[in-house]
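# Architecture and fold: a report
One-letter residues, chain by chain:
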Amino acid sequence: MKRISVPTIISLALCLSLLGSLPALAAAKSQLYRDPKLKFSLRYPSGYTVKTVGSAVVFSAPLSGRGDTFPESLNVVVVGMADYPGSVESFYLRSKKSLMETMPYLRIIDEETAQMAGRTAWRLHYTAVPNTTAFEFLQVLLEYRGLAYLLTYTAQPGSYEQYLPAIEEMLASFSFID
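What you see is a predicted model; the values in this text were computed from it and never measured.

About the cut-offs
- Residues numbered from 1 in each chain as written.
- Predicted model: local features only at pLDDT ≥ 70, side-chain atom pairs only at ≥ 80, totals over all residues.
- Heavy atoms only, no water.
- Helix = DSSP H or I, 4+ residues; strand = E, 2+ residues; numbered from the N terminus.
- Buried < 20%, exposed > 50% of the residue type's maximum accessible area, 1.4 Å probe, protein only.
- Areas by Shrake-Rupley, 256 points an atom, 1.4 Å probe, with all protein chains shown as cover.
- Pairing = 2+ DSSP bridges.
- Salt bridge = Lys/Arg side-chain N within 4 Å of Asp/Glu carboxyl O.
- Expected span 1.5 Å × (residues − 1).
- Bend = angle between axes of the 7 residues up to and from the residue.
- Core = buried A, V, L, I, M, F, W, Y, C linked by side-chain atoms within 4.5 Å.
- Contact = heavy atoms within 4.5 Å.
- Phe/Tyr/Trp six-rings, centres within 6.5 Å; stacked < 30°, edge-to-face > 60°.

## Topic: the overall build of the protein
Scanning the protein for helices and strands turns up four helices and 10 strands. Here the protein, with 178 residues, has 36% of them falling under the buried criterion. On the protein, roughly 10600 Å² of surface is accessible, and the fraction owed to carbon and sulfur atoms is 59%.

Structure follows, in structure tokens:
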């Protein structure tokens, strides 16, 4: 049996430990997005593109190869709660009901409340077929100073888990600014 040197063992151990820290390394190579008008900021991976589409800010992952035609993304939409009477929880329940009535082949995978940016957030994980293509979604809704923030992660079902760690880091970095 061939002997392995101590420096080689240390190098292998370091490499293996770094594999478990890939999300942390991705965060080190992130960029800060700040929107004083919409009153939020978040960090996103440096390879992502950011653009405004209508009332949404869209953070898109790069395409992963030749056959990849859909960039997984996190969209942030901000709406005034004055337009939707009631609490943010009732806004969430109305939004969920609307999804269930309008989105073909909707299947709810998970639903929970969590803390995000110091506020209660409603999280809804589901799959649906809005057109002819299936997608997997994670929607997070929270309220701040009369504004509802709807963050939606959209991915093709086969790549949802691959991009989820980066998306969770983005969500964890989300904060309100004044």
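After presenting the structure, the write-up continues.
## Focus: the sheet that holds strand β2 (residues 40-45)
Spatial ordering of the open sheet is given by β1-β2-β10, a layout of three strands whose pairing is antiparallel. The open sheet has two edge strands, β1 (30-35) and β10 (175-176), and neither has a second partner. Where β2 lies against β10, two bridges are found, and the strand directions are antiparallel. Each residue of the ladder has a partner; that of F40, found in β10, is F176.

## Overview of the pattern of salt bridges
Applying the stated criterion across every chain yields a total of six salt bridges. In this structure, K96 and E111 form a salt bridge, with 2.9 Å as the shortest nitrogen-oxygen distance. Here K96 is found in helix α3 (residues 88-102), whereas its partner E111 is found in strand β6 (residues 107-116), with 15 residues between them in sequence. Assessed through its relative accessible area of 18%, K96 is described here as buried. Taking the shortest distance from any N to any O, the salt bridge between E168 and R123 comes out at 2.7 Å. With a gap of 45 residues between them, E168 in helix α4 (residues 160-173) and R123 in strand β7 (residues 119-128) connect regions that are remote in the sequence. The class for E168 is partly exposed, based on a relative accessible area of 28%. Among the charged side chains, a network of salt bridges with common partners joins E112, R123 and E168.

## Describing the pairing of β2
Taken across its six residues, β2 has five buried, putting it largely inside the fold. Bridging between β1 and β2 involves six bridges; their strand directions are antiparallel. When the bridges of β2 are listed, Q31 appears paired with Y44. In this structure, the hairpin formed by β1 and β2 is closed by a connection of four residues, where K39 is found at a positive phi of approximately 65°.

## Quick look at α4
If you check α4, its first and last C-alpha atoms are 20 Å apart, about what 14 residues at 1.5 Å a residue would give, namely 20 Å. Taken as a whole, α4 carries its principal kink of about 30° at A166. Every buried residue of α4 is listed here: Y160, Y163, L164, I167, M170 and L171.

## Quick notes on the nonpolar core
Judged by nonpolar contacts, the single largest core of 29 residues is most densely connected at L42, F59, L142, Y149, L151, Y153 and F174. Secondary-structure elements contributing two or more residues to this core are β2, β4 (56-60), β5 (73-80), β8 (135-144), β9 (147-155) and α4. Per-element accounting of this core gives the leading share, six residues, to α4. Residues contacting L142, with those up to four places away along its chain left out, are V88, M116, A117, R119, T120, A121, L147, A148, Y149, L151, F174 and F176.

## Topic: the packing of aromatic side chains
Following the criterion strictly, the structure yields 14 aromatic pairs and no others. Considering the side-chain rings of Y33 and F59, the 5.2 Å spacing of their centres and the 90° angle between planes classify their relative orientation as edge-to-face. In this pair, Y33 sits in strand β1 while F59 sits in strand β4, placing the two residues 26 residues apart along the sequence. Like Y33, the residue F59 is buried in the burial classification. Three or more aromatic residues joined by ring pairs make a cluster, and in this case those are Y33, F40, Y44, F59, Y144, Y149, F174 and F176.

So, to be careful, I would describe these as geometric facts and stop short of saying anything about function.
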